[in-house]
Amino acid sequence: MPTSGIRPLVAGNWKMNGLRRSMDTIEALSTRANEEGVLEALDMLVCPPATLISLAVKTVDTTPIHIGAQSCHPAESGAHTGDVAPEMLRDVGASYVITGHSERRADHGETDADVNAQSVGAWRAGLCAIVCVGETREEREAGRAVDVVVGQLAGSVPDGATAENTVIAYEPVWAIGTGLTPTVEDIAQIHAAIRQSVADRFGAEGEAMRLLYGGSVKPGNAAEVLSPAHVDGALVGGASLSASDFMGIATAVKGLVDA
Ligand code: 13P
């Protein structure tokens, strides 16, 4: 349930999916977001692959749906073959970038220190960093979920984080793409711990920071999994590839705000 006074964010992470023809999905989202009035209650963001950012920015046109990226290199430019600088993302119209997604941590060995540096780079370019944290199945079963998440936050979120430049996404690794979700009690416990941690470190900025839940969020479970306190929206993978599923989740969040 979005914290009172915090404007929720419903973000889609397309991962390594999408070709130019996928702009159909962005067009459908723009149309429906306007028709259904969800943008009055919340922000929507789509993070397509880097190849589509420029096109997606043009496709949303005048609809205030934000477009973001899925990762960035910390540096502004240089000899880093295959990497994309935050300034390049900003240059083509991105306003957010996801940092520290568990797939980047697993596939590319990105550490908390890397995620921290990427987030600083994002801020330098004027992007908002969506910093991802989340425990593995083994860590949860060992009763270490809260400690792991709080530890990742300490290492991954740079000093100087504000409610404007940073969003935190809690994505339990074992819930991503599996159809499994934590219980609402477990989500409530972790989100309370995240709020406490960012409020202790960043004061009023931490109190106002958006905390998203991600991991198998679908239209059918969104109202329930996003209902705990300190859940200010969602980071959606698979369901964000369908305009109607993504809109279903946004509508559920609007329902939680209106309730
Ligand atoms: P799914 O919604 O497909 O589980 O993915 C979640 C995710 O990793 C979003 O970043």
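The coordinates are above.
Worth saying up front: this structure is predicted, and the values here are computed from it rather than measured.

Rules behind the numbers
Note on numbering: residues in each chain are counted from 1, in written sequence order. Totals for whole chains, interfaces and linings use all residues, but because this is a predicted model, local features are given only for residues with pLDDT of at least 70 and pairs of side-chain atoms are given and counted only at 80 or more. Water and hydrogen atoms were dropped before computing side-chain values, which therefore reflect all heavy atoms in the structure. We call a set of buried Ala, Val, Leu, Ile, Met, Phe, Trp, Tyr and Cys residues a nonpolar core when their side-chain atoms join them within 4.5 Å. Partly exposed residues are those whose accessible area sits between 20% and 50% of the maximum for their type, while under 20% is buried and over 50% is exposed, using a 1.4 Å probe and protein chains only. Should any heavy atoms of two residues lie within 4.5 Å, those residues are counted as being in contact. When we say a residue is near a molecule or strand, we mean one of its heavy atoms is within 4 Å of it. Between N or O atoms, a polar contact is any pair within 3.5 Å; within protein, one atom must be a potential hydrogen donor and the other a potential acceptor, and residues adjacent in sequence are included only when both atoms are from side chains. In this description, accessible areas are obtained by the Shrake-Rupley approach with a 1.4 Å probe, and a residue is regarded as covered only by the protein chains that are shown. Residue polarity is assigned by list, with Asp, Glu, Lys and Arg as charged and Ala, Val, Leu, Ile, Met, Phe, Trp, Tyr, Cys and Pro as nonpolar; anything else, Gly included, falls into the polar class. Each axis is a line fitted through C-alpha atoms, and for a helix only the stretch in contact is used; angles between axes span 0 to 180 degrees, taken between their N-to-C directions. Strands here are runs of E lasting at least two residues and helices are runs of H or I lasting at least four, both read from the DSSP assignment and numbered beginning at the N terminus. Between 65 and 115 degrees an angle is taken as roughly perpendicular, under 35 as roughly parallel, over 145 as roughly antiparallel, and anywhere else as oblique. By convention the crossing between two helices is left-handed if the near helix lies anticlockwise of the far one by an angle smaller than a right angle, and right-handed if it lies clockwise. The criterion for strand pairing is that DSSP finds at least two bridges linking the strands in question. Basic side-chain nitrogens of Lys or Arg form a salt bridge, by our definition, when they fall within 4 Å of a carboxyl oxygen of Asp or Glu.

Caption draft 1: Structural detail: the nonpolar core. Counting 63 residues, the largest nonpolar core has Met-44, Ile-168, Tyr-213, Val-217 and Leu-226 as its most contacted members. The contacts of Leu-226, once residues within four sequence positions are left out, are Met-1, Tyr-213, Val-217, Val-231, Gly-233, Ala-234, Val-253 and Leu-256. Residues Ala-11, Leu-45, Cys-128 and Leu-212 belong to the second largest nonpolar core, which totals 13 residues.

Caption draft 2: Quick peek at the site of the ligand. The local shell around the ligand holds 13 residues, among which Lys-15, His-101, Gly-177, Ser-216 and Gly-238 are the closest. Between Gly-238 and the ligand, the recorded distance is 2.8 Å, taken from a backbone N or O atom to an oxygen atom. Against a free-state accessible area of 310 Å², the protein chains account for coverage of 97% of the ligand. A class-by-class count of the residues in the shell around the ligand yields four nonpolar, seven polar and two charged.

Caption draft 3: Just the packing of helix α1 (residues 23-36) against helix α2 (residues 53-60), in detail. Packing of α1 against α2 leaves a shortest axis separation of 9 Å and a crossing angle of 30°. On the basis of the axis angle, α1 is roughly parallel to α2. In terms of crossing hand, the pair formed by α1 and α2 is right-handed. Residue-level contacts link Met-23, Ile-26, Glu-27 and Ser-30 of α1 to Leu-55, Ala-56, Thr-59 and Val-60 of α2. Considering only residue class, the contact of α1 with α2 consists of five nonpolar, two polar and one charged.

Caption draft 4: Structural detail: the environment of Pro-86. Tracing the backbone shows Pro-86 in helix α3 (residues 86-91). Not counting residues up to four positions away in its chain, the partners in contact with Pro-86 are Cys-72, His-73, Pro-74, Ala-75, Gly-121, Ala-122, Arg-124, Ala-125 and Leu-127.

Caption draft 5: Focus on the side chain of Thr-59. Within the fold, Thr-59 resides in helix α2. Each residue touching Thr-59, except ones within four places of it in the same chain, is listed here: Met-23, Ile-26, Glu-27 and Ser-30.

Caption draft 6: Looking closely at the pairing of strand β4 (residues 96-99). Residues Tyr-96 and Ile-98 point to one face of β4 and Val-97 and Thr-99 to the other, with burial holding for every one of them. The pairing of β4 with strand β5 (residues 128-133) spans four bridges and is classified as parallel. Its bridge partner being in β5, Thr-99 is matched across the sheet by Val-131.

Caption draft 7: Fine view of unusual backbone geometry. Backbone geometry at Asp-61 places phi at a positive 55°, although glycine is not the residue there. Within the element layout of this structure, Asp-61 appears in the loop between α2 and β3 (66-69). Judged by its relative accessible area of 59%, Asp-61 falls in the exposed class. For Ser-216, which is not glycine, the phi torsion reads 60° and is therefore positive. With respect to the helices and strands, Ser-216 occurs in the loop between β7 (210-214) and α10 (222-225).

Caption draft 8: Quick peek at the pattern of salt bridges. Scanning the model with the defined rule gives 13 salt bridges in all. The salt bridge involving Arg-32 is made with Glu-36; its shortest N-O contact spans 2.8 Å. Residue Arg-32 and its partner Glu-36 are located together in helix α1, separated by four residues, close to a single helical turn. Residue Arg-32 is classed as partly exposed on the basis of its relative accessible area of 28%. Across the pair Arg-140 and Glu-135 runs a salt bridge, and its minimum N-O distance is 2.7 Å.

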